[in-house]
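Notes for the structure review
In case you want the letters, here they are:
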Amino acid sequence: MPKKQINKENLLAQGVQLLMQQGYHGTGLKEILDAVQIPKGSFYNYFASKESYAAEVIQYYIEPFIIQLDSHLQHPECDGLTALKNYFNELIVELEKANFKGGCLLGNLMGEIGDTSEICQKSLQLAIQRYQGLLAAGLKKAQKEGTIRTDKSADEMADLLVNMWQGALLRMKIEQTAEPLKQCCHDLLDDYFKV
């Protein structure tokens, strides 16, 4: 990988860490640059502004979740509903290991700058659309397999799942427990969505 690409990857990875811990307004460019040992002037070789940087960090952040969810959905021995349950159970285990710190960068930034930064708002919308679309694909698969209700569209149920999961992540942070996440998954995947 060329050095410029490595530097950009390092900046994005550091951005995920710092924005998750300190938020957009609590994170300064100098802090990011010092952490990856890149001079301030070089930052603008990669990003037009702090806002455009945050917008790219959002896409960088969501990509592993897309890959992780897709790998569950593509598992040849799993039906759609089981794949979704396995994916969310894996996330819950990861959040427990992290002692419930951070939550979701998307949810954190939606609350902090979702209505004040147009470029970040568009990036957040794109990330949620990609994630919701993949959840909907899993729910459609489960509908075809006869394990999920068909009187609601997969898109509607995926929207509800994203919304409830984001709310559960916020409650997890303040309550320091995985119970809201488990309740979200149980109430939807084991009850409301089922045939």
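Further up the page is the structure itself.
Attention here is on the structure that accompanies the text. (Residues numbered from 1 in each chain as written. Predicted model: local features only at pLDDT ≥ 70, side-chain atom pairs only at ≥ 80, totals over all residues. Heavy atoms only, no water.)

**Some thoughts on the layout of surface pockets**
Definition in use: With a 1 Å grid spanning the protein atoms alone, the term cavity applies to any set of points in which a 1.4 Å probe fits but cannot get out, the term pocket to an open set with protein on both sides within 12 Å along at least five of seven lines, and the term lining residue to any residue with an atom within 4 Å of a point. Grid points are joined across faces, edges and corners, and a volume is the space filled by probe spheres set on the points. Helix numbering and strand numbering both begin at the N terminus, where a helix is a DSSP run of H or I of at least 4 residues and a strand a DSSP run of E of at least 2. Polar here means any residue other than Ala, Val, Leu, Ile, Met, Phe, Trp, Tyr, Cys and Pro, which are nonpolar, and Asp, Glu, Lys and Arg, which are charged; Gly is therefore polar.
Estimates place the volume of the largest pocket at around 460 Å³. If you go around the largest pocket, you meet 22 residues; those closest to its centre are Met20, Tyr61, Phe65, Leu95 and Gly103. The set of elements that each furnish at least two residues to the lining of the largest pocket consists of helix H1 (3–22), helix H4 (50–73), helix H5 (80–97), helix H7 (118–145) and helix H8 (154–175). Grouping the amino acids of the lining of the largest pocket by side-chain chemistry returns 15 nonpolar, five polar and two charged.

**Thoughts on the environment of Glu179**
In this structure, Glu179 sits in helix H9 (residues 179–192). Note: C-alpha distance between Glu179 and Thr27 (152 residues apart in sequence) is 30 Å.

**Section: the nonpolar core**
For the record, the criterion: In this text, buried Ala, Val, Leu, Ile, Met, Phe, Trp, Tyr and Cys residues form a nonpolar core when linked through side-chain atoms within 4.5 Å. Burial here depends on accessible area, computed with a 1.4 Å probe over protein chains only, as a share of the maximum for the residue type. Under 20% is buried, over 50% is exposed, and the range in between is partly exposed. Residue contacts are defined here by distance: any two heavy atoms, one from each residue, within 4.5 Å place the two residues in contact.
Ranked by size, the top nonpolar core spans 65 residues in total, and within it Leu11, Phe88, Leu106, Tyr131, Leu135 and Trp165 carry the most contacts. Broken down by element, this core gets its largest block of residues, ten residues, from H7. When neighbours within four sequence positions are excluded, Phe88 is seen to be in contact with Tyr131, Leu135, Leu161, Trp165, Cys185 and Leu189.

**Section: H8**
Selection criterion: Expected helix span is computed as 1.5 Å times (number of residues minus one).
With 22 residues, H8 extends 31 Å from end C-alpha to end C-alpha; this agrees with the ideal 32 Å at 1.5 Å per step. All buried positions along H8 are accounted for by Ala154, Met157, Ala158, Leu161, Val162, Trp165, Gln166, Ala168, Leu169 and Met172. Summarising the contacts, the buried residues of H8 are in contact with H5, helix H6 (105–113), H7 and H9. Downstream of H8 by one or two residues, Gln176 has phi in the positive range, about 55°.

**Observations regarding the environment of Ala48**
Within the fold, Ala48 resides in the loop between helix H3 (40–46) and H4. Given the relative accessible area of 68%, Ala48 is considered exposed. Remark: the alpha-carbon pair of Ala48 and Leu181, spanning 133 residues in sequence, is separated by 37 Å.

**Observations regarding the environment of Gln21**
Structurally, the position occupied by Gln21 is in helix H1. With a relative accessible area of 58%, Gln21 lands in the exposed category. Residues Gln21 and Asn163 lie 142 residues apart in sequence; the distance between their C-alpha atoms is 22 Å.

**Let's talk about the packing of H7 against H8**
Operational definition: Axis geometry follows a simple rule: fit a line to the C-alpha atoms, using only the stretch in contact for helices, then measure angles between N-to-C directions, giving values from 0 to 180 degrees. For classification, angles of less than 35 degrees are called roughly parallel, those exceeding 145 degrees roughly antiparallel, those between 65 and 115 degrees roughly perpendicular, and all remaining angles oblique. The hand of a helix crossing depends on one turn: near helix anticlockwise from the far one by less than a right angle means left-handed, and clockwise means right-handed.
Running from amino to carboxyl end, H7 crosses H8 at an angle of 125°, the nearest separation of the two axes being 8 Å. The angle between H7 and H8 falls in the class oblique. Handedness of the H7/H8 crossing: right-handed. Residues Ile128, Tyr131, Gln132, Leu135, Ala136, Leu139, Lys140 and Gln143 of H7 pack against Ala154, Asp155, Met157, Ala158, Asp159, Leu161 and Val162 of H8. Of the residues belonging to the contact of H7 with H8, the class tally is ten nonpolar, two polar and three charged.

**Describing the packing of aromatic side chains**
Heads up, the rule is: Within 6.5 Å between ring centres, the rings of Phe, Tyr and Trp (the latter by its six-membered ring) count as paired, and their orientation is classed by plane angle as stacked under 30 degrees, edge-to-face over 60, tilted in between. As a reminder, the over-ring test applies to NZ of lysine and CZ of arginine, requiring each to be within 6 Å of the ring centre and within 35 degrees of the ring normal.
Counted under the stated rule, the structure contains ten aromatic pairs. An angle of 40° between the planes, with centres 5.3 Å apart, marks the rings of Phe43 and Phe47 as tilted. Overall, Phe43 belongs to the buried group, its relative accessible area being 0%. On the basis of relative accessible area, Phe47 is assigned to the buried category, the value being 2%. In this structure, Lys50 is placed above the aromatic ring of Tyr24, and the distance from its NZ or CZ to the ring centre is 4.3 Å. Directly above the ring of Tyr192 sits Arg149, whose terminal nitrogen or CZ lies 4.5 Å from the centroid.

**Comments concerning H6**
Three or four residues apart is the spacing at which side chains of an α-helix point the same way, because the helix has 3.6 residues per turn. Looking only at H6, the buried set comprises Leu105, Leu106, Gly107, Asn108, Leu109 and Ile113. Against the buried residues of H6 lie H1, H4, H7 and H8.

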